[in-house]
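These are the residues of each chain, in order.
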Amino acid sequence: MRHIISILMENEAGALSRVAGLFSARGYNIESLTVAPTEDASMSRMTLVTSGSDTVIEQITKQLNKLVDVVKLIELSTGPHIEREMMLIKLEARGADREEFKRLSDIYGGRVIDVTDATYVIELTGRGDKLDAFIATVDETKIIEVVRTGSSGVARGARTLRL
Amino acid sequence: MELTGSQIIVQFLKDEGVEFLFGYPGGAVLHIYDELHKQNDVKHILVRHEQGATHAADGYARATGKPGVVLVTSGPGATNAVTGIATAHMDSVPMVILTGQVPTPWIGSDAFQEADTVGITRPCVKHNFLVKDIRDLALTLKKAFYVATTGRPGPVVVDIPKDVTDPNVRIPYEYPRQVAMRSYNPVVKGHPGQIKRAVDLILSARRPVIYTGGGVVLGNGSEALTRLVRHLKYPITQTLMGLGSYPATDPLFLGMLGMHGTYEANMAMHECDVLIAIGARFDDRVTGKLDTFCPTAKIVHVDIDPASISKNVPVDVPIVGDVVSVMQEMLRLLEASGGAPDPDALGAWWSHIEEWRSHHCLEFDRDSRVIKPQAVIEALYRVTKGQAIVTSDVGQHQMWAAQFYKFDQPRRWLNSGGLGTMGFGLPAAMGAKLAFPDTTVACVTGEGSIQMCLQELSTCKQYGLPVKIVNLNNRYLGMVRQWQEFFYDNRYSHSYMDALPDFKKLSEAYGHVGMLIDKPEDVEPALEEAMASDQLVFMDFITDPTENVYPMIEAGKGHHEMTLPPHMSPERELA
């Protein structure tokens, strides 16, 4: 099953490789991993999407907690939460496609953020499956590049992950 | 006071109370070595190979409970140390390893003797640091010792670029007495509700077994464990790493369990209804096949590392905490409740166990015309009156030492259980001997293992370390040969060592005493003579090359499916 783990960790050189190394050394799956500093520059926040049985997920959270750089973590997917991913997609946009892609982008709540005589870059944010759906809607031969950030997440309401 | 980086390191080690520093100089650590030269408080032990430095520090740490400290240079100095670091990591031994690094501006440029030490050691340390600024040096060193010695202990590497120890740069230094890390707060006290549940389950047992591991040794839990076991009068078995934390000569002790555990210990595990695991991690060499592991048992598991709990075997009552505080709380509850287990059930269980024990599964041929390795260990036990610190390497000799030397005290049995590192024994014995110069330190080894860190004989000479080497020389990589006999139809692929050195002459060449013993009747007199000597004695015992370690649980089999020694009739082999 798919699980999302949010991790607060020391913003130290090598902290990311400790997490990545743990996953490869112990044979756990990583679907996606995003990381950036928080409002407190000494800490980074990571969102990690993984999959496995309950036993495996329990081991993953325990092993992550055991890393000395990890301050705190929660498993977002055990409660109500919001998950977002951003995609930048560069499309070959000529002739009638220009109008069509603009319309599609509007339907999905995206924005065309770069335009040339032959291409569009569309920025689109949402859950991963929404981005998948957008890609599926576009004619495959018109896709030049797809850049996705991987999921970031936050728990709804009172549940928080902070120091 | 204003100090250079090198002076900070040396002063910090003094302030931290470090007695011995095991190391080997090289370019990146020359500034530090220059400072070491100017003082006598921290005694530097010059090894002959960096692997030896790490094992020696490890042996010192296992024998004393204090962290072992290592100093090596960058590049090959650090990579040579990796085996010893990984060995300590697998057995949770507190160590701090200082590695030199190329100057910070050169990092990443493939400079001479550059290696990504932090990257290479990351998977085999508890934590590691790269110090890029002299202002972080003292606090980082403090953090390293704090992390290494608290919670579940382990090795910590501190990688120090050469410019951080520049003799021309000075900053104020004050010893950081305390350190707090928001991301690292090991749990000590067990959850009271869980301990209460555990005690209720323990008292309800009809066929209990207590199973303890290295965690009780590391956590200094021997006294609490002994009181707990004697209060309950439950049978106790221990892992290879746990030996000594309960007296092996006590009738409640069933011997070691697992792959080469006793018949009674493994059968008791298989049939128990309540298993009380303390400071043990359900390693595959202990559990055998997981599907048939303790099939009828409810399990209590006490461990300081939450990740060890329910990792391999799901448990019913998990307790995260320091073994001593949890066992003391258990005892307090047991004494306060006045509750006791069902005496009839416990009596019946003990009768059952005594029946298993009556088969004497460790018996061997005592009339043999060739030296039996087991007989050597028994003689070592008699001659040293069970009071020696015994280190071992890895293989058959290690199992025989574990089976036949009855350890009554913790920190007397030092061996590489987790990683299984050949070459551990001799340097570990050096570390133990430095810590306990008045205690006999014997290294039980084989002609294969001893050659993996043989160069340390030279270190023993330099520092006058009269370690007693018990070489069980069967001219085979014995454990490999045993597996080839059992599972590869006697195809002894590369397990035979032709052209062995004359160990007697070799040890004499290093300035030690060598002995060659090839008759059973000479074993005990040789040991007596060696122990009476004030020198390092290398005893080369020519032993039976065909002897196997029994009992044995083949990989993938359960506790009840042991391969038993020849004297136990085949129908005893339950399947």
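These notes cover the structure that comes with them. None of these values were measured; they are calculated from a predicted model.

The rules behind these values
Residues numbered from 1 in each chain as written. Chains lettered and ligands numbered in written order. Predicted model: local features only at pLDDT ≥ 70, side-chain atom pairs only at ≥ 80, totals over all residues. Heavy atoms only, no water. Helix = DSSP H or I, 4+ residues; strand = E, 2+ residues; numbered from the N terminus. Buried < 20%, exposed > 50% of the residue type's maximum accessible area, 1.4 Å probe, protein only. Contact = heavy atoms within 4.5 Å. Buried area = accessible area lost by both parts, 1.4 Å probe. Salt bridge = Lys/Arg side-chain N within 4 Å of Asp/Glu carboxyl O. Polar contact = N/O pair within 3.5 Å; in protein donor to acceptor, adjacent residues only side chain to side chain. Nonpolar A, V, L, I, M, F, W, Y, C, P; charged D, E, K, R; others polar.

1. Describing unusual backbone geometry
Residues and elements named next belong to chain B.
Then step 1. For the bond from Tyr550 to Pro551, the omega torsion is -15 degrees, close enough to zero to count as cis.
Then step 2. Tracing the sequence through the fold places Pro551 in the segment after β20 (537–542).
Then step 3. Positive phi, normally seen in glycine, also occurs at Asp489, with a value near 55 degrees.
Then step 4. Residue position: Asp489 is located in the loop between α18 (478–487) and α19 (503–509).
Then step 5. Accessibility expressed as a relative area gives 59% for Asp489, which makes it exposed.
Then step 6. Not every positive phi belongs to a glycine, and Asn490 is a case in point at roughly 60 degrees.
Then step 7. Mapped onto the secondary structure, Asn490 falls in the loop between α18 and α19.

2. Quick look at the interface of chain A and chain B
Then step 1. Counting residues at the interface gives 18 residues for chain A and 16 residues for chain B.
Then step 2. Per-residue buried area on chain A facing chain B is highest for A:Arg18, A:Lys62 and A:Val68; these three make up 44% of the total on that side.
Then step 3. Linking chain A with chain B are three salt bridges.
Then step 4. A:Asp40 is the salt-bridge partner of B:Arg182, the closest N and O atoms lying 3.8 Å from each other.
Then step 5. Where chain A packs against chain B, one counts nine residue pairs in polar contact (both at pLDDT 80 or more).
Then step 6. Ranked by residues supplied to the side of chain A that touches chain B, first place goes to helix α2 (residues 54–66) of chain A with six residues.
Then step 7. Residues of the side of chain A that touches chain B, tallied by class, amount to five nonpolar, six polar and seven charged.

3. Describing the pattern of salt bridges
Residue and element names in this part refer to chain B.
Then step 1. All chains considered together, the criterion is met by 42 salt bridges over all chains.
Then step 2. Across the pair Asp544 and Lys372 runs a salt bridge, and its minimum N-O distance is 2.7 Å. Here the residue Asp544 occupies a position in the segment after β20, and Lys372 occupies one in the loop between α13 (343–357) and α14 (373–383), the gap between them amounting to 172 residues. There is no split in this pair, since Asp544 and Lys372 are both buried.

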